[in-house]
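Okay, here's what each chain looks like letter by letter:
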Amino acid sequence: MIDEEISRSTIAISVRASKLTARGLAYALGEAARKIRKAQAPQGKQTVKQLLRHGGEASAIDLPGRVKDFDRVVRL
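Calculation notes
Residues numbered from 1 in each chain as written. Predicted model: local features only at pLDDT ≥ 70, side-chain atom pairs only at ≥ 80, totals over all residues. Heavy atoms only, no water. Helix = DSSP H or I, 4+ residues; strand = E, 2+ residues; numbered from the N terminus. Rg over C-alpha atoms; globule rule 2.2 N^0.38 Å. Buried < 20%, exposed > 50% of the residue type's maximum accessible area, 1.4 Å probe, protein only. Areas by Shrake-Rupley, 256 points an atom, 1.4 Å probe, with all protein chains shown as cover. Lys, Arg positive; Asp, Glu negative; His and termini not counted. Charge placed at Lys NZ, Arg CZ, Asp CG, Glu CD. Salt bridge = Lys/Arg side-chain N within 4 Å of Asp/Glu carboxyl O.

Novice: Looking at this structure, I do not really get the overall build of the protein chain. What am I missing?
Specialist: In terms of helices and strands, the protein chain carries 3 helices and 0 strands. Taking 76 residues into account, the globule formula puts the C-alpha radius of gyration at 11 Å, and the protein chain, at 28 Å, lies well above it. The C-alpha extent of the protein chain, read off along each of the three principal axes, is 95 × 20 × 15 Å. In the protein chain, which comprises 76 residues, the proportion classed as buried is 0%. A total of about 7,700 Å² of accessible surface is found on the protein chain, and carbon and sulfur atoms cover 60% of it. Of note, the protein chain has its 15 positive side-chain charges centred 10 Å away from the centre of its 8 negative side-chain charges.

Written out as structure tokens, the structure reads:
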């Protein structure tokens, strides 16, 4: 009788612990997914400020001619 009681309480504790572990694992996976989404660089047009946020270095060059001509070359 005492052995059965101990067995039941042991099983109850292990079930509670497994639920906590599953919840903790789900929370950790959710946090990891959020960090991965934040770390990915956006695609498409970006401002200079957005580009510099991703750890890029900035340097300036002089462009001869019009800026629109440079834009056409870059888009190809």
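Novice: Would you explain the environment of Lys49 in this entry?
Specialist: The topology assignment puts Lys49 in helix 2 (residues 48-53). The exposed category is assigned to Lys49, whose relative accessible area is 58%. Through-space distance from the C-alpha of Lys49 to that of Gly24 is 37 Å; in sequence the pair is 25 residues apart.

Novice: I'm lost on the pattern of salt bridges in this one. Help?
Specialist: As a working rule, side chains carrying opposite charge can pair if their charged atoms are close by. Under the criterion given, the structure shown has 2 salt bridges. The salt bridge partner of Glu31 is Arg34, with a shortest N-O separation of 2.6 Å. Placement of the pair is Glu31 and Arg34 together in helix 1 (residues 2-39), with a separation of 3 residues, close to one helical turn. According to the relative accessible area criterion, Glu31 is partly exposed, its value standing at 28%. One salt bridge connects Arg66 with Asp69, and the closest N-O pair in it is separated by 3.5 Å.

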